Amino acid sequence: MNKEMMLHYFETEYEDPIGEIVGDDPEFKKINDLFFKKSEELCQFVGGANSPVWDLFEEVMDEYHKIELILSKAMYLKGAEDREKMLK
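In short, a report on the structure. Think of each chain on its own: its residues are numbered from 1, step by step along the sequence as written. For a predicted model such as this one, the threshold for reporting local features is a pLDDT of at least 70, and the threshold for listing and counting side-chain atom pairs is 80 or more; totals across whole chains, interfaces and linings nevertheless cover every residue. Values reported for side chains reflect all heavy atoms of the structure, with hydrogen atoms and water molecules removed beforehand.

### Side note on the overall build of the protein chain
Step number 1: Secondary structure assignment for the protein chain yields four helices and zero strands.
Step number 2: Every helix listed is a DSSP run of H or I at least four residues long, and every strand listed is a run of E at least two residues long, numbered separately from the N terminus. The linear arrangement of helices and strands in the protein chain, starting from the amino end, is α-α-α-α.
Step number 3: Taking 2.2 N^0.38 as the reference for a compact globule, 88 residues should give roughly 12 Å; the C-alpha atoms of the protein chain span a radius of gyration of 17 Å, well beyond that estimate.
Step number 4: Each residue gets one of three labels from its accessible area relative to the maximum for its type: buried under 20%, exposed over 50%, partly exposed in between, using a 1.4 Å probe on protein chains only. A burial count over the protein chain gives 16% of its 88 residues as buried.
Step number 5: The long-range fraction of contacts in the protein chain, counting pairs at least 24 apart against all pairs at least 6 apart in sequence, stands at 54%.
Step number 6: Reported accessibility uses the Shrake-Rupley method at a 1.4 Å probe radius. Residues are deemed covered only where the shown protein chains occlude them. Only carbon and sulfur atoms are counted for the fraction: they give 61% of the accessible area of the protein chain, which is about 7,400 Å².
Step number 7: Positive charges come from Lys and Arg alone, negative charges from Asp and Glu alone, with His and the N- and C-terminal ends not counted. In plain terms, the charge of a residue is placed at NZ if it is Lys, CZ if Arg, CG if Asp and CD if Glu. Here the protein chain contributes 11 positive and 21 negative side-chain charges, whose respective centroids are spaced 8 Å apart. Here the globule rule reads 2.2 Å times residues to the power 0.38, and the radius of gyration is calculated from C-alpha atoms. Only heavy atoms enter the contact rule, under which two residues are in contact if any of them lie within 4.5 Å.

See below:
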C-alpha cells in the first residue's frame, strides 16, 4: 500500500489519533491529568482565561497540537512501512 493511501486511511479512520493510540494507558492518564492541573494553575497565575498571557499560551498549545498530529501521522506511516517490510 502506498504512503498516500495509508495517510488517507489515517485521516479518515482516526478522529482522535492520540486518544485512540494511548487509549486507557494509566501513565498517559496520570501525566495528562497533571498537565491539565498545571494548566489550570497557570491560567489563574496569569490572570485568568481572558488575559493576554493565557491567550498566548493557548496559541502555543494550538501549535503544539499541530506538531503532535504531524508526529502521529509520521509514526503511523512508519509503522505501516515497517509492517510491509516484515510481511515480505
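Resuming the write-up.
### A look at the environment of alanine 80
Step number 1: Locating alanine 80 in the fold gives a position in helix H4 (residues 52-87).
Step number 2: Along the sequence, alanine 80 and leucine 42 sit 38 residues apart, while their C-alpha atoms lie 39 Å from each other.

### Comments concerning H4
Step number 1: One less than the number of residues in a helix, times 1.5 Å, gives the span that helix is expected to have. Helix length check: H4 (36 residues) gives 53 Å between terminal C-alpha atoms against 52 Å at 1.5 Å per residue, within 8%.
Step number 2: Burial in H4 covers these residues: Trp54, Met61, Ser72, Tyr76, Leu77 and Ala80.

### Here's the deal with the nonpolar core
Step number 1: The biggest cluster of nonpolar side chains holds five residues, and these are Met6, Phe10, Tyr76, Leu77 and Ala80.
Step number 2: If you list the elements that add at least two residues to this core, you get helix H1 (3-13) and H4. Only buried Ala, Val, Leu, Ile, Met, Phe, Trp, Tyr and Cys residues count toward a nonpolar core, and they belong to the same one when joined by side-chain atoms within 4.5 Å.

### Observations concerning the environment of methionine 86
Step number 1: In this structure, methionine 86 sits in helix H4.
Step number 2: Of the residues examined, methionine 86 reaches a relative accessible area of 69% and is grouped as exposed.

### Observations concerning the environment of glycine 19
Step number 1: Mapped onto the elements of the fold, glycine 19 is located in helix H2 (residues 17-22).
Step number 2: As for glycine 19 and tryptophan 54, which are separated by 35 residues in sequence, their C-alpha atoms are 25 Å apart.

### Description of the pattern of salt bridges
Note on pairing: side chains with opposite charge can pair once their charged atoms come close.
Step number 1: Each reported salt bridge corresponds to a side-chain nitrogen of Lys or Arg within 4 Å of a carboxyl oxygen of Asp or Glu. Following the criterion strictly, the structure yields eight salt bridges and no others.
Step number 2: Note that lysine 38 is salt-bridged to glutamate 41, the shortest N-O span being 3.8 Å. Linking lysine 38 with glutamate 41, this pair stays in helix H3 (residues 26-45), spanning three residues, or about one helical turn.
Step number 3: In this structure glutamate 41 comes out as partly exposed when scored by relative accessible area, which is 40%.
Step number 4: Of the charged contacts in the structure, one is a salt bridge between glutamate 63 and lysine 66, with a shortest N-O distance of 3.2 Å. Of this pair, glutamate 63 and lysine 66 both sit in helix H4, three residues apart, which is roughly one turn of the helix.
Step number 5: Salt bridges here are not isolated pairs; linked through shared partners, they connect Lys78, Glu81, Asp82 and Lys85.

Without other data, these values stay purely geometric and don't point to any function.
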